[in-house]
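Chain by chain, the residues run as shown.
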Number of protein chains: 2
Amino acid sequence: MTTEPEPSTESRTPLTKERVLDAAIALADESGIESLTMRKLAEDLGVEAMSLYYHVANKNVILDGMVDQAFSEIDMSFVELDWRSAMTHRAISVREVLSLHPWAISLMQSRTNPGPALLHHHDSVIGILRQAGFSIEMTAHAYSALDAYIYGFVSQELSLPFDTSSAEEAAEVADAILESFPTEVFPYLAELTIEHVMQPGYNYADEFEFGLDLILDSLERLK
Amino acid sequence: MTTEPEPSTESRTPLTKERVLDAAIALADESGIESLTMRKLAEDLGVEAMSLYYHVANKNVILDGMVDQAFSEIDMSFVELDWRSAMTHRAISVREVLSLHPWAISLMQSRTNPGPALLHHHDSVIGILRQAGFSIEMTAHAYSALDAYIYGFVSQELSLPFDTSSAEEAAEVADAILESFPTEVFPYLAELTIEHVMQPGYNYADEFEFGLDLILDSLERLK
DNA sequence: ACCTGAACACCGTTCAAGT
DNA sequence: ACCTGAACACCGTTCAAGT
């Protein structure tokens, strides 16, 4: 019985901003952004909370870094495709990354310091539209509409209290909501829920590409 | 010099859940959702923090109530219009209310208890689409796409560090971002910023209806 | 019936101090 | 150079107690 636990080799590696960021992302991925406290983060890294302040100025620096890290994970191979395929692939890839890191979209919306990965991503998307012949103005319109749609869809999806690719879970939740009011009071809501959402095979996740195509169809026409 | 300050007539009115909710909304509107603490809210109401727990089970009940209150403020007169005008007017009205209560959209996304005002709103929108001849499936597609777009646009707009209906403020912020990197590194981003965003008369807020029309145009074609 | 004081288990952060 | 203990000014919430 020694008085000190053996120091793990991991905890002996000196801290760096990178290690702090990686640990913050791992913690937020696993336990949710509300579990990301300076004290818990320090614990995961084998140090005291106060040690973190030697490597980052404050918690906001960590949050900004996490967002940019997430953006750097977006698959950029869409830059090789024609504009419409490129927009589709980038939308799917953005959605994938944001679903993998459910904290990212809310952080994005509360933080306003664009990092290098975000700027690079923006530049690539704008470049594709410009090279495809979209005017500057139409490029701005297109980018605004696509981003609003993508972020809005993912926000909605992440805020639903069930896995959107599971028809069973969706049906259960829909059923619970249905039972909270008489169907005569909200007849159209009841109809849509019973005859669509609660049907086997319904998949809210499938709505993503449908809505995306609505926007892309119109853009193609206006090009 | 009396030992007790005169009790204001206001603070003598007994608390109710409604008064707590109204005060919570007033506080969040004025000082931001991060200022809404049980202690500050109690102070505004002239009681101690612990008194609030006699009227509401916990803070989440207040947050849920605030969201539904905001939804009840949406102008419902769109129900009289043809489907396309109705969708446009309801989108504009939702955006207005969410801009008036900047805390509402983030609360909506973190809370999952739909209140009566939200359910009624959903039912009305679905009813318009169904009566206009949209199939159940197409109604689901349309609603999903429109809501994703509306909430996404408002989220983006509220997260920008300037008033989106001010061309001057947008240009200033754009200029600051531009100076954070050499223009050769992100040429397309630089071009869009300099030749569009920083031009006099540019108004990000104007993008809202353009993107909305992209979706509505496609829906009209598919109807 | 309605409100409160004291307490608990948390936060982020500062600062002087340790090695 | 890197880490920490103690402290500060906060949180939401419980509970027994006051009127």
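Everything discussed here concerns the structure shown above.
Residues numbered from 1 in each chain as written. Chains lettered and ligands numbered in written order. Predicted model: local features only at pLDDT ≥ 70, side-chain atom pairs only at ≥ 80, totals over all residues. Heavy atoms only, no water.

S.K.: Sorry, what's going on with the protein's contact with DNA strand D here?
M.R.: Around DNA strand D, the structure places 16 residues, and the nearest of them are A:Glu48, A:Ser51, A:His55, B:Arg39 and B:Lys59. Here DNA strand D approaches the protein such that, of its atoms within 4 Å, sugar and phosphate make up 54%. Taking A:Ser51, its side chain carries an N or O atom lying 2.5 Å from a phosphate oxygen of DNA strand D. A distance of 3.0 Å is found between a phosphate oxygen of DNA strand D and a backbone nitrogen or oxygen belonging to B:Met38. (Near = heavy atom within 4 Å. Polar contact = N/O pair within 3.5 Å; in protein donor to acceptor, adjacent residues only side chain to side chain.)

S.K.: Would you mind showing me how to read the environment of A:Ile62 here?
M.R.: Residue and element names in this part refer to chain A. Note on placement: Ile 62 falls in helix α5 (residues 59-72). Residue class for Ile 62 comes out buried when judged on its relative accessible area of 2%. Placed 42 residues apart in sequence, Ile 62 and Val 20 show a C-alpha to C-alpha distance of 7.9 Å. Here Ile 62 is in contact with Val 20, Leu 21, Ala 24, Met 38, Leu 41 and Val 56, once residues within four sequence places are set aside. (Helix = DSSP H or I, 4+ residues; strand = E, 2+ residues; numbered from the N terminus. Buried < 20%, exposed > 50% of the residue type's maximum accessible area, 1.4 Å probe, protein only. Contact = heavy atoms within 4.5 Å.)

S.K.: For this particular structure, what's the right way to read the interface of chain A and chain B?
M.R.: How big an interface is tends to be expressed through the accessible area that disappears when the partners come together. Residue-level contacts link 52 residues of chain A with 52 residues of chain B. Between chain A and chain B, the buried area comes to about 4600 Å², and carbon and sulfur atoms account for 70% of it. A salt bridge links A:Arg130 to B:Glu191; the nearest nitrogen and oxygen atoms lie 2.8 Å apart. Run the count over chain A and chain B and you get 13 residue pairs in polar contact (both at pLDDT 80 or more). Of all the secondary structure elements, the ones that give two or more residues to the side of chain A that touches chain B are α8 (116-131), α9 (136-159), α11 (187-197) and α12 (207-222) of chain A. With 17 residues, the top contributor of residues to the side of chain A that touches chain B is α9(A). The residue inventory of the side of chain A that touches chain B, partitioned by class, reads 27 nonpolar, 16 polar and 9 charged. (Buried area = accessible area lost by both parts, 1.4 Å probe. Salt bridge = Lys/Arg side-chain N within 4 Å of Asp/Glu carboxyl O. Nonpolar A, V, L, I, M, F, W, Y, C, P; charged D, E, K, R; others polar.)

S.K.: Help me understand the relation of the copies chain A and chain B in this model?
M.R.: Each of the two chain copies can be generated from the other by rotation about an axis followed by a shift along it. If you rotate chain A by 180° and push it 0.0 Å along the axis, it lands on chain B with an RMSD of 0.0 Å. As the rotation angle and translation indicate, the two copies are arranged about a two-fold axis. In terms of C-alpha distance to the rotation axis, chain A has A:Gly152 as its closest residue, with the C-alpha 1.8 Å off the axis. Comparing interface residues between copies, 100% of those in chain A also lie at the interface in chain B; the contact surface is shared. (Least-squares fit on C-alpha atoms with pLDDT ≥ 70 in both.)

S.K.: Quick question: what am I supposed to make of the pattern of salt bridges here?
M.R.: Once their charged atoms are close, side chains differing in charge can pair, the charge on each being opposite to the other. For the structure on display, the rule yields 16 salt bridges over all chains. A salt bridge links B:Arg90 to B:Asp147; the shortest N-O distance between them is 2.2 Å. Pair noted here: B:Arg90 is in helix α6 (residues 83-100) and B:Asp147 is in helix α9 (residues 136-159), with a separation of 57 residues, a long-range link. Judged by relative accessible area, B:Arg90 falls into the buried class, the value being 1%. Between B:Arg95 and B:Glu157 there is a salt bridge whose closest N-O contact spans 2.6 Å. Of this pair, B:Arg95 sits in helix α6 while B:Glu157 sits in helix α9, placing them 62 residues apart in sequence. Each member of the pair, B:Arg95 as well as B:Glu157, carries the same accessibility label: buried. Each of the salt bridges in this network shares a partner with another, and the network as a whole consists of A:Arg84, A:Asp213, A:Asp217 and A:Glu220.

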